[in-house]
Amino acid sequence: MKRLLLCAVAVFGFAGAFTTVRAEDGRPPVFPYPIRKTTLENGLGVVSIPFDSPGIIAYYTVVRTGSRNEVEKGLSGFAHFFEHMMFRGTDKYSQDAYNDVLKSLGADSNAFTTDDWTCYHMTIPATALAKAVEIESDRFRNLKYDEADFQKEARAVLGEYNKSSSSPFLKLEEALSDTAFTAHTYKHTTIGFLADIKDMPNQYAYSKVFFDRWYRPENCTIVVAGQVDHDVLVDLVKTAYGTWPRGGKSVEIPQEPEQDGPRKAELTWPLPTLPILALTYHTPASDPANPDVPALRALQQAVFGETSPLYRSLVLDEQKAETLTAFIDPHRDPHLFTILARGRKVEFMPEIGRRIRDALKEAAEKPVAEDRLNAIKSHLRYAFAGELDSPDSVARAVGESIAINGRPEALNELYAAYDRLTPADLQRVASKYFTATNETVVTLETRESK
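Predicted model, so just to flag it, every value in this text is computed and none were measured.

*Asks:* How would you sum up the overall build of the chain? Please name residues and give values.
*Replies:* Helix and strand counts for the chain come out as 16 helices and 12 strands. Here the chain has a C-alpha radius of gyration of 23 Å; the compact-globule value for 450 residues is 22 Å, and the two agree. When its C-alpha atoms are laid out on the principal axes, the chain stretches across 65 × 55 × 40 Å. Considering the chain as a whole, with its 450 residues, one finds that 54% of them fall into the buried category. On the chain, roughly 20,300 Å² of surface is accessible, and the fraction owed to carbon and sulfur atoms is 52%. One finds the centroid of the 52 positive side-chain charges in the chain at a distance of 1 Å from the centroid of its 62 negative side-chain charges.

What follows is the structure in structure tokens.
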């Protein structure tokens, strides 16, 4: 038996086990399905989440590369660019042939890019697993494009930017990132700096460097959720991807220094739009082992959620704000807690800003009631669990955990950390992070031809 196990490890690199970590209070983990993991010798991860979804699977390829990895000056936007290029085809499956296969399978297929990862996903019949492994391994290993293809897709990215820039929120996001960060690559948005996108058609040679650096097995994980047999999946993946060579390359991501004073940017918009105020504060990376991470997410609900006193007064009762929201998205490196308010009139904006800061100050001075914190914990837990209703949503949740934390277990670790929160934890992080020296403010108002 032991000899067989050693042989299996030699073939597959590392064979993982079911993930069934229970919460400290004995409750079942928030993620209800078993997870099986295998790592091939070339570093490619293979993860399956078998559960009752008769005849359907989601097939995800997680690439731990996003705009965070774009370290060379003047060359932002290439992670998102390859989200486009990966559909250009290979010698075996041209772009049209690849699309024909997807149509024949009735596949729901797409891709997306974030600051930290790029994801290629499809929902298909379970019987099509072997074909999915074949066509996906082919395009990851044998992507083919010439300079004309490259330039055509680079101009398509510029078109996508121009379309998105018709919304004031792209300009707002760009200004927030550019002002809040001085060194880290989170300074640019996922689509990249406009100047870099305009220059992208001239960077064909660099595109080859970027693809060779990051589209390697040790940087990727195959995640399959639904009606799937792990051993069958691993056999198929090993056959198709097993000889894909490691790249062994990396870059140093610049560290962001601690912010040493308030920052501000004022934007104008040439067309009529409601005024917007954004306040953002640097926060730690999304490591569930850091108790500040779950505390900040609970604080987000306590101070800015739809049941919070501030939301009820500004949005519902007084109707001075059309929108009030806060978010702290998962990131591999330290990122931001952002508060966004869209006022109904320009003259309301100073008061809205003051009341947001007052609410944060109160959170630092006065602990949230125990029963309210318990309600927030319950909301976080069951809102997440309620989303796990399809192979696609299950694969997405596991894929994000792998992309951000490098392991699917981090999912359950985060929700176990929520269970340990006390009112004092929320009070502590409110005092620690929402300070004037850690604040960046961006405003946007309509002003014609300034």
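*Asks:* Give me the pairing of strand E4 (residues 56-63): which residues, what numbers.
*Replies:* Burial runs high along E4: 7 of the 8 residues are buried. Here 8 bridges tie E4 to strand E6 (residues 118-125), and the two strands are oriented antiparallel to one another. Across the sheet, residue Ile57 finds its bridge partner in E6, namely Ile124. The sheet contact formed by E4 and strand E7 (residues 220-226) spans 7 bridges and is antiparallel. Of the residues in E7, the one forming a bridge with Ile57 is Gly226.

*Asks:* Could you give an account of the side chain of Ser207, naming the residues involved and the relevant values?
*Replies:* Examined against the element boundaries, Ser207 turns out to sit in helix H8 (residues 204-214). You can call Ser207 buried: its relative accessible area is 0%. In this structure, Ser207 is in contact with Phe78, Phe82, Tyr145 and Phe150, ignoring residues within four places of it in sequence.

*Asks:* Provide a residue-level description of the pairing of E7, including the pertinent values.
*Replies:* Taken across its 7 residues, E7 has 7 buried, putting it largely inside the fold. Burial of E7 is two-sided: the residues Cys220, Ile222, Val224 and Gly226 facing one way and the residues Thr221, Val223 and Ala225 facing the other way are all buried. When strand E3 (residues 45-50) meets E7, the two strands line up parallel, connected through 6 bridges. Each residue of the ladder has a partner; that of Val47, found in E7, is Val223.

*Asks:* Let's hear about the sheet that holds strand E10 (residues 321-327): which residues, and what values?
*Replies:* Reading across the sheet, the 5 strands line up as E8-E12-E9-E11-E10 and stay open at both edges, with mixed pairing between neighbours. Of all strands in the sheet, those with a lone pairing partner are strand E8 (263-269) and E10, marking the two edges. In this sheet, adjacent strand axes meet at a mean angle of 15° when their direction is disregarded. As paired elements, strand E9 (residues 276-283) and strand E11 (residues 335-343) share 8 bridges and run antiparallel to each other. Note on E11: the bridge partner recorded for Thr283 is His335.

*Asks:* So, the packing of aromatic side chains: which residues are in play, and what are the values?
*Replies:* Here the structure, examined in full by the defined rule, presents 30 aromatic pairs. Note on Phe87 and Tyr120: the rings are 6.5 Å apart at their centroids and 45° apart in plane angle, and the pair reads as tilted. One end of the pair, Phe87, is in the loop between helix H2 (78-85) and helix H3 (95-105); the other, Tyr120, is in strand E6, and 33 residues separate them in sequence. Classification of Tyr120 by relative accessible area gives buried; the value is 0%. Directly above the ring of Tyr145 sits Lys208, whose terminal nitrogen or CZ lies 3.9 Å from the centroid. We note Lys320 situated over the ring of Phe348; from NZ or CZ to the ring centre the distance is 5.8 Å.

*Asks:* Tell me about the packing of helix H10 (residues 292-304) against helix H15 (residues 410-419), and please be specific about residues and values.
*Replies:* For the pair H10 and H15, the least separation of the axes is 9 Å and the interaxial angle reads 70°. Overall, the two elements H10 and H15 adopt an arrangement that is roughly perpendicular. Seen from above, H10 lies across H15 with right-handed handedness. Counted together, Val293, Pro294 and Arg297 of H10 and Leu414, Ala417 and Tyr418 of H15 form the full contact between these two elements. Looking at the contact of H10 with H15 residue by residue, the class counts come to 5 nonpolar, no polar and 1 charged.

Conventions adopted
- Residues numbered from 1 in each chain as written.
- Predicted model: local features only at pLDDT ≥ 70, side-chain atom pairs only at ≥ 80, totals over all residues.
- Heavy atoms only, no water.
- Helix = DSSP H or I, 4+ residues; strand = E, 2+ residues; numbered from the N terminus.
- Rg over C-alpha atoms; globule rule 2.2 N^0.38 Å.
- Buried < 20%, exposed > 50% of the residue type's maximum accessible area, 1.4 Å probe, protein only.
- Areas by Shrake-Rupley, 256 points an atom, 1.4 Å probe, with all protein chains shown as cover.
- Lys, Arg positive; Asp, Glu negative; His and termini not counted.
- Charge placed at Lys NZ, Arg CZ, Asp CG, Glu CD.
- Pairing = 2+ DSSP bridges.
- Contact = heavy atoms within 4.5 Å.
- Axes fitted to C-alpha atoms, helices over the stretch in contact; angles between N-to-C directions.
- Phe/Tyr/Trp six-rings, centres within 6.5 Å; stacked < 30°, edge-to-face > 60°.
- Lys NZ or Arg CZ within 6 Å of the ring centre and 35° of its normal.
- Parallel < 35°, antiparallel > 145°, perpendicular 65-115°, else oblique.
- Left-handed = near helix turned anticlockwise from the far one by under 90°.
- Nonpolar A, V, L, I, M, F, W, Y, C, P; charged D, E, K, R; others polar.

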